[in-house]
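Per-entry structural report
So the chains spell out like this:
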Amino acid sequence: MEIIKKDFSRTPVKAVLFDFDGTISTLRCGWEEVMAPLMEETILACGKDTEAEVKQLVSDWIDESTGIQTIFQMKWLAEQVAKRGGNALDPWDYKDEYNTRLMRRIEEKKKALQAGEKNPEEYLMAGAVSFLKALKEKGIKLYVASGTDHPDVVQEAKALGVYDLFDELRGAPPHEENCSKEAVLGALIRDHGLKGDEVAVVGDGKVEIRLGKENGCKTIGLASDELRRMGVNPVKRERLIAAGADVITGDFVELHTILNFLGLEEKPSMEYRELDFSGIKTYPAAIRTNLVRIDTMLNPGEHHAEKVNDPDFDILIDRIIEARKNNRPVIWSQGAHVIKNNLSRYLIELMKMGIITHISGNGACSIHDFELAYLGGTSEHVPTAIEDGSFGMWEETGRWMNEAIQEGAKNGWGYGESLARYIDANPARFPYREDCVLYQAYKLGIPATYHIALGTDIIHQHPICDFEAIGKTTGVDFRRYCYSVSQLDGGVFLNFGSAVIGAEVFLKALSIARNLGYPTFKITTANFDLIDLGDYRVNIGYEDPNYYYRPRKNIVNRPVSRGGLGWHFCLDHQVSIPNLYDALIEKGFTK
């Protein structure tokens, strides 16, 4: 936000008057491209001016008149025609023709909104909803005054989901010459007994800014770039400064800074700044090239991996079998590359065999699994996607997963359970759900828990992301995970490639279990990764980089310091997991 008038009033506002089009809504973005040709062709038909002269004349008028009632713009057009000796139509006829042309464009957008093909966020200025809600929470009265016809403003505000946020919304009365902005502002100050500086006027046109200054109001010039829905349009900026705006901003992203200008923040605005996500643009996942697909998945028994010839690996297999025969748990922890290595069907088969009794992972595990279930593919090409900010901005993944998580939070479900229930409730969306690990775990009654670090997953980038819901559901999952760990005595813990989340969550859960008195000392642990740790059981100091590799400490060594045994296997997932499956089959394991 750019402060233009350094000596603005610090009085807290009690009411805010907004323009609508170009300030809150971008549904009418490009209206100038409709009005200008109508005016140009009408004036040119008089035969008195060159095309260049008419284009400049119309451009200057649109720039000057932005924000006034449309009928007054059309009265100007009629005057220009009459001045040139032309047969001027009634201004209302010009307005009707303009509206007909404009509404063709707007109706297409409305239909897309109603059909769910477009999200309201795509036609709202960035941060607008968060700003409106913040004002409502502070008890500020909110009003809209627009030069657009009243029925159209109401309809468009409802389509965008912002109608109920305003105390009053007034557009131009159809077929009446009435400056609604002046009337609404006058009524605000007069009828509510407000002083001028207790009211703020927010708009992208000179008309409302001048009106605000004439009444002693605080004025925010919204120099909006309507195509991008955020950032400053330099042409509007100059126009609004000339009209007397106290401050200039291109959107409502700097929420606390704007609230501070309005006298509604006690702390200095520079202390904390948040980026508003409402302006984030998402893309349909169907346009993406996927590096991992359903048709590339490996099938148990058909994939012939390089044989693992390691006596320790054989001992581990025996301990897994012994644990299951004694009805002790086998907890499977993993990073996302297990899914990305096309191994989902192995995990599902191991669950069906009764080997895996609990499966856990980080957020990326759930995302790749979920995407495969609905899209049949996952894993984009990050190096190119990060260049333009499209990385992770996939509409279906972000929206559906966040919807599932938010529903789960309301019902007290875990994160993994929430996703599985969502898939189960929407089978048509998930044609590949039979190859979805978390869904199959749900169907088999096996806990699938996901342990989320906020800000690490692409669904945290989506405009509807609710971090409270994520925290609540992953918290449920952690407690379920802790229960499984508390039963681990005589069982096995396996970690495949989760170098941070898997190792840290396991150590904390183990500490909780032991703190509560559960016997968890006769355990077997094994870590699988591509890092060669050498002699991983010997003590090493801080100077050795391997000291800082969490699974070495948190999975292989510390948990078995009072009994049990831990291993580290340096193997590719496409070698270790098929070998584990094949060895269990060869040893005749049956549930």
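To keep things clear, this report deals only with the structure shown in the data block. In this text the structure is predicted, and so the values were computed from the model without any measurement.

1. Things to note about the overall build of the protein
When its secondary structure is counted, the protein shows 22 helices and 15 strands. Taken over the C-alpha trace, the protein has a radius of gyration of 32 Å; the compact-globule value for 591 residues is 25 Å, which it surpasses by more than 25%. Taken over the C-alpha atoms alone, the protein extends approximately 100 × 50 × 45 Å along its principal axes. Burial analysis of the protein (591 residues in total) assigns 55% to the buried set.

2. Here's the deal with the sheet that holds strand β4 (residues 168-172)
Where strands meet in a sheet, backbone hydrogen bonds hold them as pairs that are either parallel or antiparallel. As summarised here, the arrangement of the 7 strands in space is β1-β7-β6-β5-β2-β3-β4, forming an open sheet in which the pairing is mixed. Only two strands of the sheet have a single partner each, and these edge strands are β1 (2-3) and β4. One ladder, built from 2 bridges, connects β1 with strand β7 (residues 247-249); its direction is antiparallel. The residue of β7 that forms the bridge with Glu2 is Ile248.

3. Structural notes on the pattern of salt bridges
Tallied over the entire structure, the rule returns 36 salt bridges. Where Glu156 meets Lys110, a salt bridge forms, and the shortest distance between an N and an O atom there is 3.9 Å. Taken together, the residues span a long stretch of sequence, with Glu156 in helix α6 (residues 150-159) and Lys110 in helix α4 (residues 91-114) at a distance of 46 residues. On the basis of relative accessibility, which here comes to 0%, the residue Glu156 falls in the buried class. The salt bridge involving Glu395 is made with Arg399; its shortest N-O contact spans 2.4 Å. Separated by 4 residues within a single helix, Glu395 and Arg399 lie in helix α16 (residues 395-411), roughly one turn from each other. Comparing Glu395 with Arg399 shows no difference in burial state: the two are buried.

4. Looking at helix α20 (residues 501-515)
Between its terminal C-alpha atoms α20 stretches 21 Å, which fits the 21 Å expected from 15 residues at 1.5 Å a residue. Every buried residue of α20 is listed here: Gly502, Ala503, Val505, Phe506, Ala509, Leu510 and Ala513. Down the axis of α20, the buried set is contained in an arc of 165 degrees. They therefore lie on one face. In this fold, the buried residues of α20 make contact with β9 (330-334), α19 (467-486), β13 (492-496), β14 (524-529) and α21 (550-557). Phi turns positive, to about 90 degrees, at Gly517, one or two residues after α20.

5. Digging into the packing of aromatic side chains
Scanning the model with the defined rule gives 21 aromatic pairs in all. With a centroid separation of 6.4 Å and 90 degrees between ring planes, the pair formed by Tyr374 and Phe430 is classed as edge-to-face. One end of the pair, Tyr374, is in helix α14 (residues 363-375); the other, Phe430, is in the loop between α17 (415-425) and α18 (437-444), with 56 residues separating them in the sequence. Residue classification places Tyr374 among the buried positions, given a relative accessible area of 9%. One aromatic cluster in this structure is built from Phe313, Trp332, Phe496, Phe528, Trp567 and Phe569. Over the face of the ring belonging to Phe261 we find Lys218, whose NZ or CZ atom lies 5.8 Å from the ring centre. Across from the ring centre of Tyr547, 4.3 Å away, lies the NZ or CZ of Lys553, which sits over that ring.

6. With respect to the pairing of β9
Most of β9 is tucked away: 5 of the 5 residues are buried. With burial as the criterion, each face of β9 is covered, one bearing Val330, Trp332 and Gln334 and the other bearing Ile331 and Ser333. By the bridge criterion, 5 bridges tie β9 to β13 in an arrangement that is parallel. Pairing of Val330 across the sheet is with Val492, part of β13. Pairing analysis gives 4 bridges linking β9 to strand β10 (residues 358-361), with the strands arranged parallel. Note on β10: the bridge partner recorded for Ser333 is Ser360.

7. Some points on the packing of α4 against α6
α6 packs onto α4 with a crossing angle of 30 degrees between their chain directions and a minimal axis gap of 11 Å. With respect to each other, α4 and α6 are oriented roughly parallel. For the element pair α4 and α6, the recorded crossing hand is left-handed. Residues Met103, Ile106, Glu107, Lys110 and Leu113 of α4 touch α6, and the partners they reach there are Asp152, Gln155, Glu156 and Ala159. Grouping the constituent residues of the contact of α4 with α6 by class yields 4 nonpolar, 1 polar and 4 charged.

8. Concerning the environment of Ser65
Checked against the element boundaries, Ser65 lands in helix α2 (residues 51-65). For Ser65, a relative accessible area of 2% corresponds to the buried category. If we ignore the near neighbours within four places in the chain, the residues touching Ser65 are Gln73 and Val207. Polar contacts involving the side chain of Ser65 include one to the side chain of Gln73, which spans 3.0 Å.

9. Overview of a nonpolar patch on the surface
On the surface, a cluster of nonpolar side chains totalling about 280 Å² of accessible area is made up of Ile512, Leu516 and Tyr518. Note that Tyr518 resides in the loop between α20 and β14.

Each value, and the rule that gives it
Residues numbered from 1 in each chain as written. Predicted model: local features only at pLDDT ≥ 70, side-chain atom pairs only at ≥ 80, totals over all residues. Heavy atoms only, no water. Helix = DSSP H or I, 4+ residues; strand = E, 2+ residues; numbered from the N terminus. Rg over C-alpha atoms; globule rule 2.2 N^0.38 Å. Buried < 20%, exposed > 50% of the residue type's maximum accessible area, 1.4 Å probe, protein only. Pairing = 2+ DSSP bridges. Salt bridge = Lys/Arg side-chain N within 4 Å of Asp/Glu carboxyl O. Expected span 1.5 Å × (residues − 1). Arc of directions from axis to C-beta. Contact = heavy atoms within 4.5 Å. Phe/Tyr/Trp six-rings, centres within 6.5 Å; stacked < 30°, edge-to-face > 60°. Lys NZ or Arg CZ within 6 Å of the ring centre and 35° of its normal. Axes fitted to C-alpha atoms, helices over the stretch in contact; angles between N-to-C directions. Parallel < 35°, antiparallel > 145°, perpendicular 65-115°, else oblique. Left-handed = near helix turned anticlockwise from the far one by under 90°. Nonpolar A, V, L, I, M, F, W, Y, C, P; charged D, E, K, R; others polar. Polar contact = N/O pair within 3.5 Å; in protein donor to acceptor, adjacent residues only side chain to side chain. Patch = residues over 30% accessible without salt bridge, like charges linked within 9 Å, V, L, I, M, F, W, Y side chains within 5 Å. Areas by Shrake-Rupley, 256 points an atom, 1.4 Å probe, with all protein chains shown as cover.

Note that every value here comes from positions in space, so none of it alone points to a role or purpose.
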